[in-house]
Amino acid sequence: MTVLYSNDLIDIISKNSDILNEIKLKLQMDNLINQGLFLMSTTYFEATLRDVMNKILISKPEKLKKDNFTISKDNLSSLDDSAILKSIIENELFNLFKGNVKEQLLYIIEIVSNIRVSNIVNKSKHEDLINIERFAIIQGLDL
């Protein structure tokens with residue numbers, strides 16, 4: 001099992017936050033350039049989520065959503081345990097990141113705070129944010 005240090009997560013977030021701040025400084029009046037910068041910032045944001053979730057799931061594989069996984073015979077015979085775990089986590093994250101950002105954020109809240117997504121009441125977009133903030137406060141998380 002891999003040990004997860006908070007500094008590892010802070011490093012990932014800080015690095016990508018610095019890049020996002022650089023992108024923000026480059027915003028200008030040209031709408032076309034701003035659209036490109038928006039796409040870049042979205043990509044960096046999703047990469048940050050993906051890297052954080054990867055670190056967490058490598059150290060705590062019990063937080064994976066599925067209970068059962070299929071592994072090919074080739075992978076089973078040619079990879080060691082940690083490579084198999086990494087492969088499973090990569091597949092899980094690949095499937096998650098085909099979805100929307102809301103699903104990704106709910107999943108990261110679930111794995112960080114042990115709050116089941118099914119327990120979050122979904123009545124309106126505004127209420128979702130309020131509920132997430134309430135859960136974060138209860139769990140002692142800073143959002």
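This is a predicted model, so every value here is computed, not measured.

Caption draft 1: Up close: the overall build of the protein. Looking only at helices and strands, the protein features six helices and zero strands. Mapped from its N terminus to its C terminus, the protein presents α and β elements in the order α-α-α-α-α-α. Within the protein, the proportion of its 143 residues that are buried is 26%. Here the analysis covers contacts within the protein between residues at least 6 apart in sequence; of these, 63% occur between residues at least 24 apart. Here the protein displays about 10300 Å² of accessible surface, and carbon together with sulfur accounts for 56% of that area.

Caption draft 2: Region of interest: the nonpolar core. Core analysis: the largest hydrophobic core is formed by 19 residues, its most contacted members being Met 53, Leu 57, Leu 93, Tyr 107, Ile 108 and Ile 111. Those elements that provide at least two residues to this core are α1 (6-25), α2 (31-59), α4 (81-96) and α5 (101-113). The biggest single contributor to this core is α2, with six residues. Discounting residues that sit within four places of it in the chain, Met 53 has contacts with Leu 93, Leu 96, Phe 97, Gln 104, Tyr 107, Ile 108 and Ile 111.

Caption draft 3: Quick look at the packing of α2 against α5. At a minimum axis distance of 11 Å, the contact between α2 and α5 shows a crossing angle of 30°. Considering the angle they form, α2 stands roughly parallel to α5. As for how α2 packs across α5, the hand of that crossing is left-handed. Here α2 contributes Phe 45, Glu 46, Leu 49, Val 52, Met 53, Ile 56 and Leu 57 to the contact with α5, which in turn contributes Val 101, Gln 104, Leu 105, Tyr 107, Ile 108, Ile 111 and Val 112.

Caption draft 4: Just α2, in detail. The terminal C-alpha atoms of α2, which comprises 29 residues, lie 42 Å apart, in line with the 42 Å expected from a rise of 1.5 Å per residue. Taken together, the buried positions of α2 are Leu 37, Ser 41, Thr 48, Leu 49, Val 52, Met 53, Ile 56, Leu 57, Ile 58 and Ser 59. Buried residues along α2 sit against α1, α4 and α5. A side-chain oxygen of the first residue of α2 lies 3.0 Å from the backbone nitrogen of Leu 32; this N-cap is Asp 30.

Caption draft 5: Structural context of α4. In a regular helix each residue adds 1.5 Å, so 16 residues correspond to 22 Å; α4 covers 23 Å between its end C-alpha atoms and thus fits that length. By the burial criterion, the buried members of α4 are Ile 84, Ile 88, Ile 89, Glu 92, Leu 93 and Leu 96. Summarising the axial view, the buried residues of α4 lie within an arc of 170°, below the 170-degree limit, and thus occupy one face. Turning to α4, the residues buried within the fold contact α2, α3 (73-78) and α5.

Caption draft 6: Looking closely at the pattern of salt bridges. According to the stated counting rule, one finds one salt bridge in the structure shown. A salt bridge links Arg 50 to Glu 90, with the nearest nitrogen and oxygen atoms 2.6 Å apart. Separated by 40 residues along the polypeptide, Arg 50 in helix α2 and Glu 90 in helix α4 bring together distant segments of the chain.

Caption draft 7: Local environment of the packing of α2 against α4. Two elements in contact, α2 and α4, have axes whose closest approach is 10 Å; the angle formed by their N-to-C orientations is 145°. Seen from above, α2 lies across α4 with right-handed handedness. Facing Arg 50, Met 53, Asn 54, Leu 57 and Ile 58 of α2, the residues of α4 in contact are Leu 85, Lys 86, Ile 89, Glu 90, Leu 93, Phe 94 and Leu 96.

Scoring rules and cut-offs
Residues numbered from 1 in each chain as written. Predicted model: local features only at pLDDT ≥ 70, side-chain atom pairs only at ≥ 80, totals over all residues. Heavy atoms only, no water. Helix = DSSP H or I, 4+ residues; strand = E, 2+ residues; numbered from the N terminus. Buried < 20%, exposed > 50% of the residue type's maximum accessible area, 1.4 Å probe, protein only. Contact = heavy atoms within 4.5 Å. Areas by Shrake-Rupley, 256 points an atom, 1.4 Å probe, with all protein chains shown as cover. Core = buried A, V, L, I, M, F, W, Y, C linked by side-chain atoms within 4.5 Å. Axes fitted to C-alpha atoms, helices over the stretch in contact; angles between N-to-C directions. Parallel < 35°, antiparallel > 145°, perpendicular 65-115°, else oblique. Left-handed = near helix turned anticlockwise from the far one by under 90°. Expected span 1.5 Å × (residues − 1). Polar contact = N/O pair within 3.5 Å; in protein donor to acceptor, adjacent residues only side chain to side chain. Arc of directions from axis to C-beta. Salt bridge = Lys/Arg side-chain N within 4 Å of Asp/Glu carboxyl O.

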